[in-house]
Amino acid sequence: MSSINLFSLAKTINASLFLIISLLHIYWAVKGLFQPNQYFLSLVIPEIDKELAFKPGIGATLLVALALLVASFISIWAIKPIYKGLKPFIVSEWWCIYGNLAIAIIFGIRAMGDFKYVGFFKKIRHTQFAYYDTHLYSPLCLLIAILAFYIYLQIRYQTDMYQKFVLPYGIIFIQ
């Protein structure tokens, strides 16, 4: 019976979530060309006085999909020994280290929200979007942030720089 490697599991979960969400954005961009649906948009975009807070264009939606796809690659390519030679777009491990830190910060801020329309601390809670944001989007963002921060810590612990400069000064990393 083999034990589950939490680092690999965290990378796989984050990369899978990013890939699925990226594919959803591509689907929404393509579907938006042919069948824009106001009800559906109210589930995924905040509303202000029964009007959408913004109307995303096809280009913006595809740009978000691309960013999520890049985040998926950053999450899955976070370990050098397994994926050595399969990193054509990632030049160094610094992309994986600070990419995961950036993912953790961005999605942590998204989970916290803007204190009005999105996040755990939003004030507007009576819209359809607010319901899904409270029960699905914000918890998902928090999960992604926690996993990305865990991946970041694991990579930092495994790199030579971390072991040469941080560990000698008494910072203990608990696995």
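Being a predicted model, the structure only gives us computed values, none of them experimental.

1. Remarks on the overall build of the protein chain
Argument step 1. On a plain count of helices and strands, the protein chain comes out with seven helices and two strands.
Argument step 2. Reading the secondary structure of the protein chain in the N-to-C direction produces α-α-β-β-α-α-α-α-α.
Argument step 3. Every one of the 175 residues in the protein chain was classed for burial, and the buried ones make up 35%.
Argument step 4. Look at the contacts in the protein chain between residues 6 or more apart in sequence, and 60% of them connect residues 24 or more apart.
Argument step 5. If you sum the accessible surface of the protein chain, you get close to 11,100 Å²; carbon and sulfur atoms cover 70% of it.

2. Quick notes on the packing of helix α3 (residues 58-76) against helix α5 (residues 93-112)
Argument step 1. Where α3 meets α5, the axes come as close as 9 Å, and the angle between the chain directions of the two elements is 125°. Considered as vectors, α3 and α5 are oriented oblique to each other. As α3 runs across α5, the sense of the crossing is left-handed. Judged by residue contacts, L68, A71, I74 and S75 of α3 engage W95, C96, G99, N100, I103 and F107 from α5.
Argument step 2. Counted by class, the contact of α3 with α5 contains seven nonpolar, three polar and no charged residues.

3. Brief notes about the UniProt feature "transmembrane region" (unreviewed entry) in the protein chain
Argument step 1. Following the UniProt record, the feature "transmembrane region" (unreviewed entry) maps to residues 12-30, 58-79, 91-112 and 136-153 here.
Argument step 2. Secondary structure content for residues 12-30 is 100% helix and 0% strand, and the end C-alpha separation is 27 Å.
Argument step 3. Between the end C-alpha atoms of residues 136-153 the distance is 26 Å, and the span holds 100% helix and 0% strand.

4. Describing the packing of aromatic side chains
Argument step 1. On inspection of all chains with the given rule, the structure shows six aromatic pairs.
Argument step 2. A network of ring pairs unites the aromatic residues F129, Y131, Y132 and Y137 as a single cluster.
Argument step 3. Its guanidinium or amino end placed over the ring of F7, K11 lies 5.2 Å from that ring's centre, counting from NZ or CZ.

Definitions and cut-offs
- Residues numbered from 1 in each chain as written.
- Predicted model: local features only at pLDDT ≥ 70, side-chain atom pairs only at ≥ 80, totals over all residues.
- Heavy atoms only, no water.
- Helix = DSSP H or I, 4+ residues; strand = E, 2+ residues; numbered from the N terminus.
- Buried < 20%, exposed > 50% of the residue type's maximum accessible area, 1.4 Å probe, protein only.
- Contact = heavy atoms within 4.5 Å.
- Areas by Shrake-Rupley, 256 points an atom, 1.4 Å probe, with all protein chains shown as cover.
- Axes fitted to C-alpha atoms, helices over the stretch in contact; angles between N-to-C directions.
- Parallel < 35°, antiparallel > 145°, perpendicular 65-115°, else oblique.
- Left-handed = near helix turned anticlockwise from the far one by under 90°.
- Nonpolar A, V, L, I, M, F, W, Y, C, P; charged D, E, K, R; others polar.
- UniProt positions renumbered as here; feature names shortened; annotations may be inferred.
- Phe/Tyr/Trp six-rings, centres within 6.5 Å; stacked < 30°, edge-to-face > 60°.
- Lys NZ or Arg CZ within 6 Å of the ring centre and 35° of its normal.

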